[in-house]
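# Structure assessment
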Amino acid sequence: MPPRNNLRGERRKNGRHVFAAAATLGLVLAGYGPLLPSADAKTVSGLSSKWGRACKMRVVEQFDVPNSDAVVTLDATEQKSIDEGNTSLADVQTYGLSFNWEVRGMRINGYCNVHGKGKITEFKQGL
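Please read all numbers here as calculations on a predicted model, not as lab measurements.

### Things to note about the pairing of strand β2 (residues 97–103)
- Of all seven residues in β2, five are buried, a share of seventy percent or more.
- Where strand β1 (residues 70–74) and β2 come together, five bridges link them in antiparallel fashion. Looking at β2, one finds that Thr-73 is bridged to Asn-100.
- The sheet contact formed by β2 and strand β3 (residues 108–114) spans seven bridges and is antiparallel. Within the sheet, the bridge partner assigned to Val-103 lies in β3 and is Ile-108.

Structure representation (structure tokens):
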């Protein structure tokens, strides 16, 4: 009798090898993550996201609300300027950004200004 073709078993074995190799590569790259430069510091959208999170955390801490209830958005004028290409990364790093914030369900809102190094310089309630 001729030998059976065990293709399904071979695929399963190869799949395990591929998964193991991918998992190992992922762990190696994750280990080097802290040594690689942050993408946040290289783009306007990255800085906007990072600094927006700082404003959001300030809202969460100040009003003792869940993270999901704090909503922070980039100021509409600044967003438009960035979208049109009128604001560069250098501009953002020089002048900073302004964000609007609100707390869902509490009718509390305001704005948060961040300077070019990412520190909150102004946090006001009410618009």
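### Some words on the state of the cysteines
- Enumeration according to the criterion identifies one disulfide in this entry.
- A sulfur-sulfur separation of 2.1 Å characterises the disulfide bridge that pairs Cys-55 with Cys-112. Here the disulfide of Cys-55 and Cys-112 is left-handed, its torsion about the S-S bond being about -75°. Of this pair, Cys-55 sits in helix α2 (residues 44–63) while Cys-112 is found in strand β3, placing the two residues 57 residues apart along the sequence.

### Re the side chain of Asp-75
- Relative to the assigned elements, Asp-75 resides in the loop between β1 and α3 (76–83).
- Although buried, Asp-75 forms no salt bridge, and the nearest oppositely charged side chain, Lys-80, lies 11 Å from it.

### A short note on the nonpolar core
- Formed by 20 residues in total, the largest nonpolar core has its most connected members in Trp-51, Val-59, Phe-63, Leu-97, Phe-99, Trp-101 and Val-103.
- Taken together, the elements giving at least two residues each to this core come down to α2, β1, β2 and β3.
- With seven residues, the single largest contributor to this core is α2.
- Every residue in contact with Val-103, bar those within four places of it in the chain, is listed here: Val-59, Phe-63, Val-65, Asp-69 and Ile-108.

### Here's the deal with the packing of aromatic side chains
- Tallied over the entire structure, the rule returns two aromatic pairs.
- Residues Trp-101 and Phe-123 carry aromatic rings whose centres are separated by 5.1 Å and whose planes lie at 0° to one another, so their mutual orientation is stacked. Residue Trp-101 is found in strand β2, and its partner Phe-123 is found in strand β4 (residues 120–125); the two are separated by 22 residues along the sequence.
- Of the residues examined, Trp-101 reaches a relative accessible area of 3% and is grouped as buried.
- Clustering of aromatic rings is evident, with ring pairs tying together Phe-63, Trp-101 and Phe-123.

Criteria and cut-off values
Residues numbered from 1 in each chain as written. Predicted model: local features only at pLDDT ≥ 70, side-chain atom pairs only at ≥ 80, totals over all residues. Heavy atoms only, no water. Buried < 20%, exposed > 50% of the residue type's maximum accessible area, 1.4 Å probe, protein only. Helix = DSSP H or I, 4+ residues; strand = E, 2+ residues; numbered from the N terminus. Pairing = 2+ DSSP bridges. Disulfide = S-S within 2.5 Å. Lys, Arg positive; Asp, Glu negative; His and termini not counted. Salt bridge = Lys/Arg side-chain N within 4 Å of Asp/Glu carboxyl O. Core = buried A, V, L, I, M, F, W, Y, C linked by side-chain atoms within 4.5 Å. Contact = heavy atoms within 4.5 Å. Phe/Tyr/Trp six-rings, centres within 6.5 Å; stacked < 30°, edge-to-face > 60°.

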